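Each chain is listed here by its residues.
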Amino acid sequence: MDINHLSLETLAEKIKSKDIKPSEVVEAYLERIKTIDPEIGSFLLVNEEEALRNARELDERQAADDMEGELFGIPMGIKDNIVTKDVVTTAASRMLEDFVPIYDATVMEKLYKENPVLLGKLNLDEFAMGGSNENSYFKEVKNPWNTKKVPGGSSGGSAAAVAAGFVPFALGSDTGGSIRQPASYCGIVGMKPTYGRVSRYGLIAFASSLDCIGPMTRNVRDNAKILEIIAGSNLKDSTTMPDVSSDFLSTIDRDIKGMKIAIPKEFVDGATDEVKSSILKAKEVYESLGAVVEEVSLKKTKYIVSAYFIISSSEASANLARFDGIRYGYQAEGVDNLEDLYRKTRSEGFGSEVKRRILLGTFVLSAGHFDAHYLRAQKLRTIITQDMNEVLSEYDLIMGPTTPSVAYDLGSKLDNPLDMYLDDVLTASSNLTGMPAISIPAGLNKEGMPIGLQLIGKHFDEATIYNAAYQFEKKVNLHEALKALSLEGK
Ligand SMILES: NC(=O)C[C@H](N)C(=O)O
């Protein structure tokens, strides 16, 4: 049995029926991480001893038929900007290289109630800023489909780990596309939930009005299961929404006949030919399932990237002010006075992309520039939301590519950050508007690299997204082909 490529659902069943022991599962995953991850770089920390100890405890409980929890014995990996009590959490930054949190993020508390096993913490772009995972202070991540290519970012470690069979599921975070873009590049399923669906308590803040935690999995049902577990309002995050249902699996297999789906022409126009043709094929799949797919126009698409980078950098400059060398984290040595301590700590502790964002954010928030940039970006945010809401008042979903192109060569965009920023054009609108959006595998290009299909839904209507995504996955059945192809032969 190929334990590493079973779905989470099947794995959970096999553990519950005592076909496999939690320790066998955990050992199989750890073994794969040990042999293959040195080539990929997805883990920043493997929690080996603790994971094995935990799994053996679960073995005993399995033997005693005491198997509470929907994730009993299931291994998981967590993006390293989500705090884990007593487990080093770095945000892939020198600033937090030795930071051991004293509490668990709310999503961790929710997961732990279901008895999974934490295998470790996953690599990312420093403080989640980037789209290729090359901005990690520790090491870059490589795409398991082709190790010369980027895995995407910022949740590149999470996406690569799931694609490579190192974990059946991972958590990522998405501020402008950081779950969906790497999911698309690595041929997996990544969901950015509605803003307010999942608590951000314990997520190291990048841009608080945009950040969302979400699941990354190899198939749609597993994804819905994890979101059901981590969703819910929470007193520690006042932006979470009370009283919304988080039941996605009971409606996931509904017939989608008559579902109305919009394809914005601006989303397809900017994509490469191979991505375009894959999305047009997806359109045909939806039509064959009885959905009505129509072209629409989202005229404000051209403003998305500028509004996103101005707002996210402004918020980042405020959020990252706390890293001053005094409270916690890295502290520079050999300083003369307080001013010097701040300057040296921040110069040495942050990488160049993080500094770029702090500088940009501080600039646009400063007197004289606030109205011209920050305020205008906020107005654009409202206009973009109106534009999208208008379409979603007539359609159930918006579909299009997740990214304009497939994963590119490592190093190829490092000298041109703007080029990398432009990759967020199709994903950042869901962050600006707070809408939920998923990326699912739609096909492969000639070189065998995955292409992602994005479905965007109405606020708090993840159920419709999962329903449409699952029907597509069943019809196309690509994930079976995907698991065979990724890391060919390994
Ligand atoms: N965190 C994200 O969603 C990443 C986005 N590409 C950015 O660099 O801001």
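Per chain, residue numbering runs from 1 following the sequence as it is written. A pLDDT threshold of at least 70 governs which residues receive local features in this predicted model, and a stricter bar of 80 or more applies before side-chain atom pairs are shown or counted, although totals over entire chains, interfaces and linings include all residues. Side-chain calculation: all heavy atoms of the structure are included, whereas hydrogens and water are not.

**As for the pairing of strand 11 (residues 450–457)**
The test is simple: Throughout, exposure labels follow a simple rule: accessible area from a 1.4 Å probe, protein chains only, divided by the maximum for the residue type, with under 20% read as buried, over 50% as exposed, and the rest as partly exposed. The helix count covers DSSP runs of H or I at least four residues long, the strand count covers runs of E at least two residues long, and both are numbered beginning at the N terminus. By this definition, two strands are paired if DSSP reports at least two bridges between them.
Across the eight residues that make up strand 11, a large majority, eight, are buried. Summarising the sheet, strand 9 (residues 397–401) and strand 11 pair through five bridges and their orientation is antiparallel. Looking at strand 11, one finds that Leu397 is bridged to Gly457. As paired elements, strand 10 (residues 437–444) and strand 11 share seven bridges and run antiparallel to each other. Bridging across to strand 11, Ser439 finds its partner in Gln454. The antiparallel pairing of strand 10 with strand 11 creates a hairpin that spans five residues between the two strands, and Gly448 there sits at a positive phi of about 85°.

**Focus on the confidence of the model for the protein chain**
Reading predicted coordinates in detail is not appropriate for stretches of low pLDDT. Inclusion rule: Residue-level confidence of the predictor is what pLDDT reports, using numbers from 0 through 100.
Residue-level pLDDT values for the protein chain average 96, and 98% of them are 70 or greater. Interface confidence in the predicted complex, given as ipTM, is 0.97; pTM for the same model is 0.97.

**Let's talk about the sheet that holds strand 7 (residues 260–264)**
Basically, it comes down to this: Between N-to-C directions, angles cover 0 to 180 degrees, with each direction set by a line fitted to C-alpha atoms, over the stretch in contact for helices.
Read from one edge to the other, the open sheet built from 11 strands follows the order 1-3-2-4-6-5-10-11-9-7-8, with strand pairing classed as mixed. Strands at the two margins of the open sheet, each flanked by one partner only, are strand 1 (43–46) and strand 8 (292–296). Pairs of neighbouring strands in the sheet enclose a mean axial angle of 25°, with direction left out of account.

**A closer look at the site of the ligand**
Short version of the rule: Think of it this way: one heavy atom of a residue within 4 Å of a molecule or strand is enough to make that residue near it. Accessible areas in this description were obtained via Shrake-Rupley with a 1.4 Å probe; residue shielding takes into account the shown protein chains only.
By nearness alone, every residue bordering the ligand is listed as Ala128, Met129, Gly130, Ser154, Thr175, Gly176, Gly177, Ser178, Phe206, Tyr308, Arg357 and Asp424. Compared with its free state, where it exposes 270 Å², the ligand has 99% of that area covered by protein.

**Quick word on helix 7 (residues 220–230)**
Worth spelling out the cut-off: Pairs of N or O atoms within 3.5 Å make up the polar contacts considered here, provided that, within protein, one atom can donate a hydrogen while the other can accept it, and that residues adjacent in sequence are counted only when both atoms are side-chain atoms.
With nine of its 11 residues buried, helix 7 lies for the most part within the structure. Of all the residues in helix 7, the buried ones are Val220, Asp222, Asn223, Ala224, Lys225, Ile226, Leu227, Ile229 and Ile230. Regarding helix 7, its N-cap is Asn219, as a side-chain oxygen of that residue lies 3.1 Å from the backbone nitrogen of Arg221 further along. Residue Gly232 follows helix 7 closely and has a positive phi angle near 130°.

**A few points about the domain arrangement of the protein chain**
How big an interface is tends to be expressed through the accessible area that disappears when the partners come together. Basically, it comes down to this: Those domain boundaries reflect an automatic or database domain assignment. Two residues qualify as a contact provided that any one of their heavy atoms is within 4.5 Å of a heavy atom in the partner residue. Buried area is understood as the total, over both parts, of accessible area removed when two parts are fitted together, assessed with a 1.4 Å probe. One speaks of a salt bridge when a side-chain nitrogen belonging to Lys or Arg is within 4 Å of a carboxyl oxygen belonging to Asp or Glu. The nonpolar class holds Ala, Val, Leu, Ile, Met, Phe, Trp, Tyr, Cys and Pro. Asp, Glu, Lys and Arg form the charged class, and all remaining residues, Gly among them, are polar.
As far as domains go, the protein chain holds domain 1 (8–255 + 455–484) and domain 2 (303–371). The centre of domain 1, based on its C-alpha atoms, is set 28 Å off from the matching centre of domain 2. Taken together, the contact pairs 18 residues of domain 1 with 21 residues of domain 2. With both chains or domains summed, domain 1 and domain 2 bury close to 1700 Å², and 66% of this area falls on carbon and sulfur atoms. Its largest share of buried area at the contact with domain 2, domain 1 owes to Arg94, Met95 and Met129, together 40% of the area lost on that side. Across the contact surface, domain 1 and domain 2 share zero salt bridges. Remark: the boundary between domain 1 and domain 2 carries 11 residue pairs in polar contact (both at pLDDT 80 or more). Here the residues of the side of domain 1 that touches domain 2 are counted per class, giving nine nonpolar, seven polar and two charged.

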